[in-house]
Amino acid sequence: MAHKETTGSKFDIIAAYKSFVNDPDISMPVAAMQSLSELIAQTEVATMFELMEAVKDAATRLKRHYSHNSVSLSAGCDVFYQFISSLRDFGQDFEGFKSHIIAAVREYAQNTKQVKDTIANHVDAFIQDDSVILTHGYSRVVVNALLMAHNKGRRISVYVTETRPRGLGIKTHEILTAKGIPCTIILDSAVAYTMEKVDIVMVGCEAVVESGGIVNAIGSCQIAMLAHAFHKPVHVLAESYKWTRLFPLSQYDLPTHNDHILSFDLVSTPPTSGTNSPLPGTPRRHHPVLRTSDTMPSLLFTATSVPKVPPQPSFSSSMSNVMPINQAGRNPEVDYTPPEYITLLFTDAGILTPEGISSYLVTMSLRSES
Amino acid sequence: MSATEPAGPALEDASNPQDGVQTRKQLTKAERRELQERQRAAKAAATASNPSNKSQNQKTPQSQSNKQPKKDPTSVAGPSGSSATATSGKKPTPKPGRDADKIAPGAGGMDKGDKIADLETQRRHQTRIFAHFASPKQDAQIGAGIKGEIHPTIVRLGRQFADMKIVGANARCIAMLVAFKAVIQDYVTPPNQTLARDLTQYLSPQISYLVSARPMAVSMGNAIRELKYHISVVSIDVPEQDAKDHLCEQIDTYISHRIVLADSVIEEYAMPKIQNGAVIMTFARSSVVERVLISAWSRGKRFSVKVVDSAPLSEGRKMLSALLKAGIPCTYLLVNGIGSLISTVSLVFLGAHAINSNGSVYSRAGTALVAMLAKEHSVPVLVLSETYKYSNNLQLDSFTKNELAALSDTLQPPNGQGHLLSQSSLQIINPLYDLTPHTHITVLVTEVGLIPPSAISTLAGLRDKDKGLQLAV
C-alpha cells in the first residue's frame, strides 16, 4: 500500500520501512530509524529546520500507517528525533550533519546483535542452573539470552505461551527446541495453572513507558499479575531504543486503543429499557461502546493472519476453535503492564528498577532540551 | 517600624517571638514556667490598674490596642515556648481574661464573644501535641518584635495573608514577588554598602513579617531563594537603578517561566488525558486544575466535573463558580460524599502546595482522602503541579509539618453549636494541609512532562545543578 508523499519530494517512507523490516534480525523500531535515516540521505532540503520538519512529517505518517501496533515504532521514531536534535557540533556543516546521522544509524542497525548480547550478559546471573522460565510470544532478546545461558552449559527448561492470535509463541518453541532446550507450549489460559512450577518470568517488550511499565503482546499484563500473585520475579528485557515518554493511565489510554476494541455488536433491536445504555448526560466510566456496523480497521485480523493450530482432539467437529473474524477484530494486540508488576528491567544501559526508568528518561530528555 | 508596641518590659519576652525564642532556649522548663507565672502576675496587675485593657480580649480584626497582644505567652512563638505554656495550661491557672472578669464584675461580666475568644486561647494551648502547628495570627501578633523597616506593601500583604484573603501556593507566591518588586524599587542602597550584599539583609525583616502572618509556603521559599541568588550576583559596577530594574525583570521572568508558562505546558500535557464523556473529580480549588478544565472545555472537549469541597474554607465554591461560568456541567459535594460517587469517576485531578523529594504531595487537607479512595477504586490520580513547588523535604506524615485554620470557623455559633465552645474539655483541631503518599498518585503532570512521583527528585536535582544552586532542606 504505497502512497505518494504530499510534500512534493519523492521519498516513500512506508516502502522504505517495509524493505528494512523484512530483515529478520531487525525489529520495528530499528527499521523505523533506518527508514528515517534513508530519508535524510535522499532528501533535497538544505536547512536544518526543513530537515527536522521532514523527519517529523515522515514519522507521523509511519505511525499513522501502523497505528494498531505503533508503540515500538513510535518509540523508535522518537529516539531518532531526539538523537538528531541533540547533535550540536555541526553548526553550518549540513552535509557533515547528514552523513553523521546516516553512519550512526547504520552502525546502530549492525550492532543490534551486540545490544542483545549486552542485555543477555546482564540477565545471565539471574538465570540459574536447573531453572524453569516462562516467556510470552516471540522476543529476539529473550531467545538470545536463553540461548546464551544454554550455550554456557546451564540446564534450563522453558514454558512459552501460545500467544494467540498470532501464535508467535510457536516460533519461540521451534527455535529453542532446535537448539536442544526443552520447551513446552502452554495455553494462554493455562498460565495460572503453570505458575507454581515457574522460577522466573522473562519477557521482551514493544516499548518501555515513562511510568516504568511496558507495552507488550496481549497477555503480558495477565502473566505479570499472576507472577506477582505467586511471588515470582518478572524480568523484562528491553533495548534502550524502545523507551518512550508515553504515560498510559490505563489500558484504554494506550495509543493503540480505539473505540472498536472491546465494543459490542448492536443486535437486531436496541435495548428499550435503557438499563444498559447510558442516560444522556451521565457518562459512565469505561462504558462499552455500542457499534452499529462490523467495520474494522483493514489491517487487523485478516483470515490469513490467524494461524492454523493443530486441531484439539476433544472439540466436536462442528465447533471451530478460532473465533469469528468480526469478533477477532474487537480484540487488542498489545497491552500495558503497570510498573508494580515488574521486578527488573534489563537494558543495554544497565539493570534498572521500574522507578529508575523514569529518572533515566527525564535526565535524557532534559539533556537534549538544554 | 514594628507593628506592635509591647506594654512593658515584663511582657517583652512574650510578645517578642524572635528574641524570646532565643532566650527561652537557654532556660530550663522550670525556669520558663516561673517566668511565665511572673508575667501573668504582672499582667494581672496591669489589668487591675487599667480596666480599659479588657478590650484586649476581643477578637476584633481592626484592633487599635496593639499594646497587649491577647495571647501573650500562649502564642505559638516556638516549640520551646509552647511546651512550657502548654504544661502550665493544664493546671487551672487563672487567665488574664478571667482576671479581668473577676476584677470588674459590675461591668456585666464579659460578653459571650470575649468568653469564646478567651476559651479559644486556653483550648489552643491545651492542644499540646499540635502545639508545633502554626496557628492563625491576630492583628497584634503580625510582625511582633520584628526589627527593621517594613514596607507598606508588605504590611498590607501580611494582613491579607493572615485574613486568608490570598490563598493558594501560586497566588501567595506571585503576590509576594509583586510586593518585592515594589520594595526593591523603593530601596536605596545606604552609603558604603553594595546592593548585592545589603539588599538581602534589607529584605530579611520583610520576609519575617510575612512569615509571622502565615507560615512560608514552599513556593514562596523557592522563589525567595532564587531572588536572593540573583541579588547576590549583581555586579558592583552596575548602577543602582539598572540593578533594581534587572532584579524586577528577573522576578517577572520567574513568574512568567516557572508559573504562568509552566501552567500552559501542564495544560498541554494534561489535555490528551481528558476524554470526551469523562467524569473528572477534583478537590477544593487548584488554580492549575481550574485552568486546565476550562481550557479543555473551550477546546471542545465535553466532560463533567465533580467538585469536592470541605469546611472550613470551602474553596471548592470558588472553583465551582469558575467552572460553571465556563459552561462545564458540575456536581458539588462535600468530602464525606465521595464514597458514593467514586465508581462513576474516570479521572481525578488534584493540585499541590508542594511536592516532596519522595514524590509525596503536600496539599489542602482532604486531598489525601480523595487520592486514597480513588486509588482503591483504580481511578487514575493526576497531580498537576509546576516544578517550582518542589521541596527537598522528606515528609512521611501530615503531622510533622502543618498549619491550623482559625478555630472559630469550625464551630460557627450560627449553627447553634456555639455553646460547645464553652466546654473546657473540648479540643478543636483544624489542619489546613495533609500529605498524600506517592503510592496513591498515578502521575505528576509538570511542565517537563508526565512523570511518576518517584522521579521528581531526579528532575529537581538536575535543574538546580545546572544553575549551580544548592537545594536547601
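Residues numbered from 1 in each chain as written. Chains lettered and ligands numbered in written order. Predicted model: local features only at pLDDT ≥ 70, side-chain atom pairs only at ≥ 80, totals over all residues. Heavy atoms only, no water.

Per an unreviewed UniProt entry, chain B goes by the name Translation initiation factor eIF2B subunit delta and belongs to Serendipita indica. The UniProt entry for chain B carries the following text under Sequence similarities (unreviewed entry): "Belongs to the eIF-2B alpha/beta/delta subunits family." (UniProt positions renumbered as here; feature names shortened; annotations may be inferred.)

Chain A carries the name Translation initiation factor eIF2B subunit alpha in an unreviewed UniProt entry, which gives Serendipita indica as its organism. In its Sequence similarities (unreviewed entry) section, the UniProt entry covering chain A states "Belongs to the eIF-2B alpha/beta/delta subunits family."

*Asks:* Hey, could you run me through the packing of aromatic side chains in this one?
*Replies:* Here the distance between the centres and the angle between the planes together describe a pair of aromatic rings. Residues and elements named next belong to chain B. For the structure shown, the criterion picks out seven aromatic pairs over all chains. Judged by centre distance (5.1 Å) and plane angle (45°), the ring pair of Tyr-187 and Tyr-202 falls under tilted. Of this pair, Tyr-187 sits in the loop between helix H8 (169–186) and helix H9 (195–213) while Tyr-202 sits in helix H9, placing them 15 residues apart in sequence. One exposure class covers both Tyr-187 and Tyr-202, and it is buried. On the numbers, 5.5 Å between centres and 85° between planes, the contact of Trp-297 with Phe-303 is edge-to-face. Here Trp-297 falls in the buried class, since its relative accessible area comes to 14%. Residue classification places Phe-303 among the buried residues on the basis of a relative accessible area of 3%. Above the plane of the ring of Phe-161 lies Arg-172, whose end atom (NZ or CZ) is 5.2 Å from the centre. The residue whose ring lies beneath Arg-302 is Trp-297, and the NZ or CZ to ring-centre distance is 3.9 Å. (Phe/Tyr/Trp six-rings, centres within 6.5 Å; stacked < 30°, edge-to-face > 60°. Helix = DSSP H or I, 4+ residues; strand = E, 2+ residues; numbered from the N terminus. Buried < 20%, exposed > 50% of the residue type's maximum accessible area, 1.4 Å probe, protein only. Lys NZ or Arg CZ within 6 Å of the ring centre and 35° of its normal.)

*Asks:* I'm lost on the interface of chain B and chain A in this one. Help?
*Replies:* Interface size is often expressed as the accessible area that is lost when the parts come together. Facing 26 residues of chain B, the contacting portion of chain A comprises 15 residues. Summed over both sides, the interface of chain B with chain A buries roughly 1700 Å², with 63% coming from carbon and sulfur. Applying the counting criterion to the chain B and chain A interface returns one salt bridge. For the salt bridge of Lys-273 of chain B with Asp-253 of chain A, the shortest nitrogen-to-oxygen distance reads 2.7 Å. (Contact = heavy atoms within 4.5 Å. Buried area = accessible area lost by both parts, 1.4 Å probe. Salt bridge = Lys/Arg side-chain N within 4 Å of Asp/Glu carboxyl O.)

*Asks:* Even after reading the chapter, I still don't get the environment of Ala-278 of chain B, so can you show me in this structure?
*Replies:* Residues and elements named next belong to chain B. Mapped onto the fold, Ala-278 is located in the loop between helix H11 (240–270) and strand E1 (279–283). Through-space distance from the C-alpha of Ala-278 to that of Arg-156 is 43 Å; in sequence the pair is 122 residues apart. Beyond its immediate stretch of four places on either side in the chain, Ala-278 contacts Arg-302, Phe-303, Ser-304 and Ser-346.

*Asks:* I would appreciate a short explanation of helix H3 (residues 48–65) of chain A in the present structure.
*Replies:* Think of an α-helix as 3.6 residues a turn; residues three or four steps apart then line up on the same face. Residue and element names in this part refer to chain A. An ideal rise of 1.5 Å per residue puts 26 Å on 18 residues; H3 measures up with 26 Å between its terminal C-alpha atoms. Taken together, the buried positions of H3 are occupied by Leu-51, Met-52, Val-55, Ala-58, Ala-59, Arg-61, Leu-62 and His-65. Tucked into the core, H3 has its buried residues touching helix H1 (13–21), helix H2 (28–42), helix H4 (71–85) and helix H5 (94–110). (Expected span 1.5 Å × (residues − 1).)

*Asks:* Could you clarify how one ought to interpret the nonpolar core in this entry?
*Replies:* Buried together is how nonpolar side chains tend to be arranged in soluble globular proteins. With 41 residues, the main nonpolar core has Ile-154, Leu-157, Met-176, Leu-177, Phe-180, Leu-199 and Leu-203 of chain B as its most contacted residues. Counting only elements with at least two residues in this core, the list comes to helix H7 (152–162), H8, H9, helix H10 (218–232) and H11 of chain B. The biggest single contributor to this core is H9 of chain B, with nine residues. Apart from the residues within four sequence positions on either side, Ile-154 of chain B is in contact with Ala-179, Phe-180, Val-183, Gln-206, Tyr-209 and Leu-210 of chain B. If you look at the next biggest cluster of nonpolar residues, it comprises 32 residues, including Tyr-17, Leu-39, Phe-80 and Ile-84 of chain A. (Core = buried A, V, L, I, M, F, W, Y, C linked by side-chain atoms within 4.5 Å.)

*Asks:* Help me understand the domain arrangement of chain A in this model?
*Replies:* Residues and elements named next belong to chain A. In terms of domains, chain A is made up of domain 1 (13–110) and domain 2 (113–256 + 332–369). On a C-alpha basis, the centres of domain 1 and domain 2 stand 26 Å from each other. Taken together, the contacts link 23 residues of domain 1 with 20 residues of domain 2. Both sides together, the interface formed by domain 1 and domain 2 hides about 1600 Å², and carbon and sulfur atoms give 53% of it. (Domains from an automatic or database assignment.)

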